[in-house]
Amino acid sequence: MNYQKLKGTLDFFQEEATKLRFIEEKAKSVLKTFGFEEIITPIIEATDIFVRSSGDNSDIVTKEMYTFLDRGNRSITLRPEGTASVVRSFLENKLYVNSTLAKFYYCGPMFRYERPQAGRYRQFMQFGIEVFGEGGPFLEAEVIISAYKLLVALGIKGIKLKINTIGDFASRKDYADKLKTYFTGQIDDFCPDCKKRLEKNPLRILDCKVDSGKELVLKAPKIKDSLSLTSLNNFNEVTDILTTMAVPFQIDESLVRGLDYYTDTVFEFILDIPGELQGLAICAGGKYADLVKNFGGPDIPGIGYAFGVERIMSVMTSQDLFTNLTKQTDIVMICLDPASKKMGLQLANQLRDENMIVEMDYKNYSLKQQFKLADKVNPRYIIIIGEEERNNGMITIKNTKNNTQEKIKKEQLIAYTKGKI
Ligand code: HAM
């Protein structure tokens, strides 16, 4: 075989594909109870959309985007995340006109040129939400609660919610200045990326993967000393509501997130049990008060999060949370000659109209071979049609669970099977 999938990409088939869709469906069903509606945006967007939103100094923009010139010489990027595209669509389609609160969920592939490793891929699925409109701390808490409820609905254990505030624009500016003063003079000891971050976004030095454990980072000024009263009160209310709602969380003052658009509340659900994914975020998000405005739109704040679906899938597999996902064939048709096959096809499609899963052999296999094939899929019933059955308008139906069989009129088939499957 000459062809292989690209590094950092995955194929999903059979049970794995079913797992992925199961998570997606579960997520949709939970979010619909919160009044979310689906939004589907293109996978390709103008590059500038991501540069402006994620920040031209972010890892995503500087190292990870799949960017190319199309035949019209436009710079195009495969979306590395969903928020920027949803904000673009929200504005372009004026989705703010008829509602004070617009709530969307999305699910689809994202692309980042990262070093592939466990839980980190170059193409991965995100399930995310974005909410636009002013809702204060109650909305912020509800958004986090919806993510928590989804994890509970999936049955995942060993998750820790880490939450922090990075303040409003003024608080962040004050904090960035303090960090700049603090790190200046010591920055030679830091990684090349942090040297650049010092000028453009010193907050990101705090969550650098290389430098995060350094003493200087641990002892850096804390955001709480720079927070405006409004930001502080807002954060206290969010955490109060989470406490009231019995959502466990831990405040983590070093949590700043790697995308520039965040303001105030930021959070991550990380995996906190031993294993190769320990410490990885399976969901992350936060508020972005200024992104819509920065895209040239009205002054409407947004908030959202995204789950990494492959990460959820790995965790759920390791915790044995997928049950009954293997395909269960209801009926196998065994037809003994071409004319019986025609009758079999008709009956199979009538049964499928009743939502039953029906399979049959399309070649002219012998009775023995067809029984062998049936054994592999382990159906609830096997239907046998041969010349005799055809002539009498009857079929033989075998119950594979108790190994009994009987002959019934073909017109009775739906009624006979419907109640039992
Ligand atoms: P993010 O933290 O970059 O945030 O990604 C969200 C989640 O996507 C991560 O927590 C992780 O589970 C998953 N993820 C990220 N990169 C990879 C990868 N290379 N392989 C596998 N999974 C990955 C965002 O993307 C924001 N747009 C979230 C958001 C929505 N904030 C507000 N609204």
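Details of the structure are given in the entry above.
Along each chain, the written sequence defines residue order, and numbers are assigned to residues from 1. A pLDDT threshold of at least 70 governs which residues receive local features in this predicted model, and a stricter bar of 80 or more applies before side-chain atom pairs are shown or counted, although totals over entire chains, interfaces and linings include all residues. Hydrogen atoms and water are omitted, and side-chain values are computed over all heavy atoms in the structure.

**Student:** Just checking my understanding: could you explain the overall build of the chain for this structure?
**Tutor:** Numbering goes from the N terminus for both helices and strands, where a helix is a DSSP run of H or I of at least four residues and a strand is a run of E of at least two. Looking only at helices and strands, the chain features 15 helices and 16 strands. We take the radius of gyration over the C-alpha atoms and set the globule estimate at 2.2 Å times the residue count to the 0.38 power. Here the chain has a C-alpha radius of gyration of 28 Å; the compact-globule value for 421 residues is 22 Å, and the former is much larger. Expressed along its principal axes, the backbone C-alpha trace of the chain runs to roughly 90 × 50 × 45 Å. Per-residue accessibility, obtained with a 1.4 Å probe over protein chains only, is compared with the maximum for each type, and a residue is labelled buried under 20%, exposed over 50%, and partly exposed between these values. When the 421 residues of the chain are sorted by exposure, 50% land in the buried category. Note on contacts: a residue pair qualifies if any of its non-hydrogen atoms lie within 4.5 Å across the two residues. Contacts in the chain between residues far apart in sequence, at least 24 positions, make up 69% of those at least 6 positions apart. A 1.4 Å probe and the Shrake-Rupley method give the accessible areas. Residues count as covered only by the protein chains that appear here. Carbon together with sulfur atoms contributes 51% to the accessible area of the chain, which is approximately 21600 Å² in total. Residues counted as positive are Lys and Arg, residues counted as negative are Asp and Glu, and His and the chain ends are not counted. Think of each charge as sitting on NZ of Lys, CZ of Arg, CG of Asp or CD of Glu. Across the chain, the mean location of the 58 positive side-chain charges is 5 Å away from that of the 56 negative side-chain charges.

**Student:** I would appreciate a short explanation of the pairing of strand β5 (residues 102-111) in the present structure.
**Tutor:** Successive residues of a regular strand alternate their side chains across the two faces of the sheet. Counting buried positions along β5 gives eight out of ten residues, so the element sits mostly inside the fold. Relative to β5, strand β1 (residues 37-38) is paired through two bridges, and the arrangement is parallel. Looking across to β5, one finds that Glu37 is bridged to Phe104. Any two strands between which DSSP finds at least two bridges are classified as paired. Both β5 and strand β6 (residues 123-132) contribute to a ladder of ten bridges, which runs antiparallel. Bridge pairing in β6 links Met110 to Phe124.

**Student:** Got a minute to help me understand the environment of Ala17 in this structure?
**Tutor:** Looking at where Ala17 falls in the secondary structure, it is placed in helix α1 (residues 15-32). Between the C-alpha atom of Ala17 and that of Asp59, which follows or precedes it by 42 residues, the distance is 30 Å.

**Student:** Explain the sheet that holds strand β8 (residues 250-251) here, please?
**Tutor:** Backbone hydrogen bonds hold the strands of a sheet together, and the pairing may be parallel or antiparallel. Spatial ordering of the open sheet is given by β1-β5-β6-β11-β10-β9-β7-β8, a layout of eight strands whose pairing is mixed. One side of each edge strand has no neighbouring strand; the edge strands of this open sheet are β1 and β8. Relative to strand β11 (residues 302-308), helix α5 (residues 136-154) is tilted by about 15 degrees, and along the sheet it contacts β6, β7 (159-165), β9 (263-271), β10 (281-288) and β11. Only the contacting stretch of a helix is used when fitting its axis, a line to C-alpha atoms as for every element, and angles between N-to-C directions run 0 to 180 degrees.

**Student:** Would you mind showing me how to read helix α4 (residues 83-92) here?
**Tutor:** Owing to its 3.6 residues per turn, the α-helix brings residues three or four apart onto one side. The buried count for α4 comes to nine of ten residues, which makes it a mostly enclosed element. For α4, the set of buried residues is Thr83, Ala84, Ser85, Val86, Val87, Arg88, Ser89, Phe90 and Leu91. Looking at the packing, one finds that the buried side of α4 touches β2 (44-46), α2 (47-54), β5, β6, β10 and α10 (291-294). Once α4 ends, the next one or two residues include Lys94, with phi positive near 50 degrees.

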